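Here are the chains, one letter per residue:
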Amino acid sequence: MDKLLIEGGVPLQGEVFIDGAKNAALPALAAALLAEEREVLLENVPRVVDIRTMCSLLREMGASIEEEGTSIRVLPRDLTSQEAPYDLVRRMRASVLTLGPLLARYGYAKVSSPGGCAIGERPIDLHLAGLEAMGARIHLHGGYIEARSERLRGAEIYLDIPSVTATENLLMAATLADGRTVIENAAMEPEISDLAALLKGMGAKIEGEGTEKITVQGTTRLVGTSHRIIPDRIETATYAAAAAVSRGNVLIRGTDPEILSSVIRKMTAAGVGIRSEAEGLRISSGERLRGVDVTTAPYPGFPTDVQAQFMAMMALAEGASIIREMVFENRFMHVAELRRMGADIRTKGASAMIRGVSSLEAAPVMATDLRASACLVVAGLAARGETKIARIYHLDRGYSRLEEKLSRLGARVRRVGG
Ligand code: UD1
């Protein structure tokens, strides 16, 4: 299995271009299943493993998909199967995003139950309760969720937690339902608004996306359109953290600072220089950073997907900081690895207390999930010596051309096999 070797201590300099958001492209691909005629053309799709997995899943169902660079065309064609098998769902939980579109368009879906993962239990009860409220009959057996319905009907749905993929699943299902669906306490993430923009382009009638109340007036058919995926705010934040810990000066291009304000606010408070320029976001940092407290929350709060990378910054900051993880129950797996690099971090329940140290030491480390791996890359860029990161298949799920992008910024990073 490949490993990443990072020789730390080089201040990153230059420009980096941000790809499209993985978490917007995944539901967009699932939404393409809703089109009855004309192709769906998605542009600015990141070339990451999760996207490949989603394409494999759709192909396995009989979809016709053409990929060219960062564009993906999904041709309208009736599927031959409405099943998301265990083998693919186990590799990527977001496979569950096919449930809503399949049920809405074909009246049947069989999706392997995703089960827990490294960062928590991650149930999908809200997805299922919402679909049931729309008239779906759901059976769980043999590790699979089997859902059936005649045409779904509009419903009033309140989400106990503003789950991102539950909101997306229900939004997609509602577009073809009979009548009006209201989703209250909906997730407000920019990726939801991006999905709504795509669905509207396909002919759906949606209001209120980006707020906590989304209203959908169901229609009988949707057609293909073209749509450009929004920039990846998590990739942006990861490069910003990397520039900051290395005390570099980096222009981040192709991003959108508007959807990153909670992160920008906290990074600024920590002493990172952040300036919006005509061509992108300039990140600079010369001084040692200051410790600041962070609490993760659904959008527009501080994203849980940036918590680990921010902790790597705080591990080197002057003073103490407290990071509270309020979205997932077990998302501190990176702490033990950071400690092996000399960080002073203690956790209790959902809180981590970080006392900044003046330097980190390189060490062999490994990660258990995507963003924990990104945290170790950030830490490795600042550490003294050569950090060896194992299990980088996690990184490949969500970051495209990571070592190429970092090398262009001057980082000494390489991938080795075995
Ligand atoms: C999405 C993102 C992921 C991000 C997360 C939170 C995608 C593909 N993934 O994941 O990168 O970390 O949002 O911003 O977009 N919950 C329930 N029942 C449910 C659904 C969720 O209890 O039916 C809980 C979860 O266990 C978790 C919380 O709600 O504690 C938020 O999870 P959710 O927003 O659903 O995350 P995902 O959509 O899986």
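Not measured: the values here are computed from a predicted model.

**Some words on the overall build of the chain**
Part 1: Each helix and strand counted, the chain has 14 helices and 26 strands in total.
Part 2: C-alpha atoms of the chain, sized along the principal axes, occupy 60 × 45 × 45 Å.
Part 3: In the chain, the proportion of contacts linking residues at least 24 apart, taken out of those at least 6 apart, comes to 74%.
Part 4: Working note: accessible area of the chain is about 16200 Å², and carbon and sulfur atoms make up 47% of it.
Part 5: Each charge class in the chain can be summarised by its mean position, and for the 51 positive and 52 negative side chains these summaries are 4 Å apart.

**Digging into the nonpolar core**
Part 1: In this structure, L29, I51, M54, L131, M134, L171 and L199 are the most contacted members of the largest nonpolar core, which totals 79 residues.
Part 2: For this core, the element with the highest residue contribution is helix α1 (residues 22–31), accounting for 7 residues.
Part 3: Residues within four places of M54 in sequence aside, it is in contact with L26, L29, A30, M92, A94, S95, L97 and T98.
Part 4: Counting residues in hydrophobic clusters, the runner-up holds 72 residues, among them F310, V357, A372 and L376.

**Side note on the packing of aromatic side chains**
Part 1: A complete count under the given rule lists 1 aromatic pair for this structure.
Part 2: A centroid spacing of 5.3 Å and a plane angle of 80° characterise the contact between F302 and F310, whose relative ring orientation is edge-to-face.
Part 3: Taking relative accessible area as the criterion, F310 reaches 0% and is therefore assigned buried.
Part 4: Positioned over the ring face of Y144 is K110, at 4.9 Å from the centre of the ring.

**Some remarks on helix α10 (residues 307–315)**
Part 1: By the criterion of burial, α10 is predominantly enclosed, with 9 of the 9 residues buried.
Part 2: Those residues of α10 that fall on the buried side of the exposure criterion are Q307, A308, Q309, F310, M311, A312, M313, M314 and A315.

**Side note on the pattern of salt bridges**
Part 1: Counted under the stated rule, the structure contains 33 salt bridges.
Part 2: We note a salt bridge from R221 to E37, for which the minimum N-O separation is 2.6 Å. Taken as a pair, R221 in the loop between β14 (213–217) and β15 (222–223) and E37 in strand β3 (residues 35–37) lie far apart in primary sequence, 184 residues in all.
Part 3: Linking E277 and R282 is a salt bridge whose minimum nitrogen-to-oxygen distance equals 3.1 Å.
Part 4: Its relative accessible area of 26% is what places E277 among the partly exposed residues.
Part 5: When salt bridges with common partners are traced through the structure, they connect D19, E235, R401, E404, K405 and R408 into a single cluster.

**Here's the deal with the domain arrangement of the chain**
Part 1: Partitioning the chain into domains gives domain 1 (3–18 + 231–416) and domain 2 (22–228).
Part 2: Centre-to-centre separation of domain 1 and domain 2, based on C-alpha positions: 30 Å.
Part 3: Taken together, the contacts link 21 residues of domain 1 with 18 residues of domain 2.
Part 4: For the domain 1 face of the interface with domain 2, the top three residues by lost area are Y299, F328 and R397, together amounting to 34%.
Part 5: Across the domain 1-domain 2 interface, the total number found is 2 salt bridges.

**What to know about the pairing of strand β8 (residues 108–112)**
Part 1: In this structure, strand β7 (residues 83–84) lies alongside β8, joined through 2 bridges in parallel fashion. Its bridge partner being in β8, E83 is matched across the sheet by K110.

**What to know about the sheet that holds strand β1 (residues 3–7)**
Part 1: The strand order β24-β25-β1-β26 describes an open sheet built from 4 strands, whose pairing is mixed. Strands with a single pairing partner mark the edges of an open sheet, and in this sheet they are β24 (364–366) and β26 (412–416). The average undirected angle you get between the axes of adjacent strands in this sheet is 20°.
Part 2: Pairing of β1 with strand β25 (residues 386–390) involves 4 bridges; the strand directions are antiparallel. Counterpart to L4 in the pairing with β25 is I389.
Part 3: With respect to the sheet, helix α12 (residues 370–382) is in contact with β1, β24 and β25, its orientation differing from that of β1 by roughly 30°.

**Examining unusual backbone geometry**
Part 1: Put simply, Y299 and P300 share a cis peptide bond, and its omega is 10°.
Part 2: Among the structural elements, P300 can be located in the loop between β20 (294–295) and α10.
Part 3: Backbone geometry at N185 places phi at a positive 55°, although glycine is not the residue there.
Part 4: The topology assignment puts N185 in the loop between β12 (180–184) and α7 (190–201).

About the cut-offs
- Residue positions are counted from 1 within each chain, in the order its sequence is given.
- Local features in this predicted model are restricted to residues of pLDDT 70 or higher, and side-chain atom pairs are both shown and tallied only at a pLDDT of 80 or more, whereas totals for entire chains, interfaces and linings draw on every residue.
- To obtain the side-chain values, all non-hydrogen atoms of the structure were included, while hydrogens and water were left out.
- Strands are runs of DSSP state E lasting at least 2 residues, helices are runs of H or I lasting at least 4, and numbering of each runs from the N terminus.
- The contact rule is simple, with two residues in contact once any of their heavy atoms fall within 4.5 Å.
- Only the protein chains shown count as cover for residues, and the accessible areas themselves come from Shrake-Rupley with a 1.4 Å probe.
- In this count, Lys and Arg are taken as positive residues and Asp and Glu as negative ones, while His and the chain termini are left out.
- Just so you know, the charge point we use is NZ for Lys, CZ for Arg, CG for Asp and CD for Glu.
- What we call a nonpolar core is a set of buried Ala, Val, Leu, Ile, Met, Phe, Trp, Tyr and Cys residues that are connected through their side-chain atoms within 4.5 Å.
- Under the scheme applied here, a residue whose accessible area is under 20% of the maximum for its type counts as buried, over 50% as exposed, and between as partly exposed, the area being computed with a 1.4 Å probe on protein chains only.
- Pairing of aromatic rings covers Phe, Tyr and Trp, the last counted by its six-membered ring, and requires centre-to-centre distances within 6.5 Å; plane angles under 30 degrees mean stacked, over 60 mean edge-to-face, and any other angle means tilted.
- A ring has a charge above it when a Lys NZ or an Arg CZ is no more than 6 Å from the ring centre and no more than 35 degrees off the ring normal.
- Each salt bridge in this description consists of a side-chain nitrogen of Lys or Arg and a carboxyl oxygen of Asp or Glu lying within 4 Å of one another.
- Segmentation of the chain into domains, including their bounds, is taken from an automatic or database domain assignment.
- We define buried area as the total accessible area lost by two parts upon association, computed with a 1.4 Å probe and summed across both.
- Here, strands pair whenever DSSP counts at least two bridges between them.
- For helices, the axis comes from a line fit to the C-alpha atoms of the stretch in contact; other axes are also lines fit to C-alpha atoms, and the angle between any two N-to-C directions lies between 0 and 180 degrees.

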